[in-house]
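Report on the structure
Here is what each chain is made of, one letter per residue.
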Amino acid sequence: MRLKIIQFYLPQFIKRRKLRELFLLTADAFGSAAPSLKGVSFEEMLTAYALFTREQADYYLQSERPLDEVSEQLFQNSFHWGQALRKLIGVKTWDEAMATLQVIYQVIGIDFHCDETGHVCVQRCFFHQYYTKEVCQLIAALDSGVAAGLAGGSNLIFTQRITEGYQCCKGVLSR
């Protein structure tokens, strides 16, 4: 029932709360503090998230630190967030998990589609204007974690990205 509701209407305060949670789990993975978001609109908050993730990823990519560590932490944090959403919304099936992912991505400006075989296509992505291909590859650990948490352990792997010059992102989400 909750899924049906959020597919048609998701209040602004919930969008803001969930994006704030995403900020916090991302900041935690990078070992940094999330910026103050007091008094900003959801749209400004989304832009701030894109800039924050790019800055954190760029810093990490330029450092000597192993990428596997931050990638794993991004995955784990977003996996737990996805599990919490699964429980909150009452997701029980693969189709419900995909519908929930589609709502989540729609809220943050990503046109996400997954067919019954698990093939993923993203025609439009808000973040492509902010991310390099390297940043996108690192931040994709968040996508994988959320998908795995929502779908009960699935694995999302992108095979092409808009940030690599393709017209769309493509990938596979295993069942």
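Here we summarise the structure given alongside this text. The structure presented is a predicted model; accordingly, all values stated were derived computationally and were not measured.

Rules used throughout
Residues numbered from 1 in each chain as written. Predicted model: local features only at pLDDT ≥ 70, side-chain atom pairs only at ≥ 80, totals over all residues. Heavy atoms only, no water. 1 Å grid on protein atoms, 1.4 Å probe; cavity = no way out; pocket = protein on both sides within 12 Å on 5 of 7 lines; lining within 4 Å. Points joined across faces, edges and corners; volume = space filled by probe spheres on them. Nonpolar A, V, L, I, M, F, W, Y, C, P; charged D, E, K, R; others polar. Axes fitted to C-alpha atoms, helices over the stretch in contact; angles between N-to-C directions. Helix = DSSP H or I, 4+ residues; strand = E, 2+ residues; numbered from the N terminus. Parallel < 35°, antiparallel > 145°, perpendicular 65-115°, else oblique. Left-handed = near helix turned anticlockwise from the far one by under 90°. Contact = heavy atoms within 4.5 Å. Core = buried A, V, L, I, M, F, W, Y, C linked by side-chain atoms within 4.5 Å. Buried < 20%, exposed > 50% of the residue type's maximum accessible area, 1.4 Å probe, protein only. Expected span 1.5 Å × (residues − 1). Bend = angle between axes of the 7 residues up to and from the residue.

Describing the layout of surface pockets
Here the largest pocket defines a volume of roughly 780 Å³. Along the walls of the largest pocket sit 41 residues, with L22, W81, I104, Y105 and I108 positioned nearest its centre. Classifying every residue of the lining of the largest pocket by side-chain character gives 32 nonpolar, three polar and six charged.

Looking at the packing of helix α2 (residues 12-30) against helix α4 (residues 67-89)
If you want to describe how two helices pack, look at the angle between their axes and the distance between the axes. Interhelical geometry of α2 versus α4 gives an angle of 150 degrees and a closest axis separation of 8 Å. With respect to each other, α2 and α4 are oriented roughly antiparallel. Considering the relative orientation of α2 and α4, their crossing is right-handed. From α2, K18, E21, L22, L25, T26, D28, A29 and F30 reach across to α4, where they touch V70, Q73, L74, N77, S78, W81, L85 and L88.

Details of the nonpolar core
Membership of the largest hydrophobic core comes to 54 residues, with the highest contact counts inside it found for L101 and F127. Broken down by element, the residue count for this core peaks at 11 residues, all from helix α6 (residues 133-151). Setting aside residues no more than four positions away along its own chain, F127 makes contact with L46, Y49, A50, I108 and I110.

Points about the side chain of R161
With respect to the element layout, R161 can be found in the loop between β3 (156-160) and β4 (169-173). Residues in contact with R161, not counting those within four places in the same chain, are C136, Q137, A140, Y166, C168 and C169.

Let's talk about α2
Between its first and last C-alpha atoms α2 spans 27 Å; for 19 residues at 1.5 Å apiece the expected length is 27 Å, and the two agree. For α2, the full list of buried residues reads L19, L22, F23, L25, T26, A27, A29 and F30. Here the buried face of α2 lies against α3 (42-62), α4 and α6.

Section: the packing of α3 against α6
At a closest axis distance of 9 Å, the pairing of α3 and α6 adopts a crossing angle of 110 degrees. In terms of orientation, α3 lies roughly perpendicular with respect to α6. Judged by residue contacts, Y49, T53, R54, A57, D58 and L61 of α3 engage E134, V135, L138, I139 and L142 from α6. Of the residues assigned to the contact of α3 with α6, the class counts are seven nonpolar, one polar and three charged.

Quick look at α6
Spanning 19 residues, α6 covers 26 Å between terminal C-alpha atoms, matching the ideal 27 Å at 1.5 Å per step. Along α6, the largest kink reaches about 30 degrees and is centred on I139. Extensive coverage of α6 is indicated by the burial of 16 of its 19 residues. Looking one or two residues past α6, G152 carries a phi angle of roughly 75 degrees, positive in sign.

It is worth stressing that arrangement in space is one thing and function is another; only the former is reported here.
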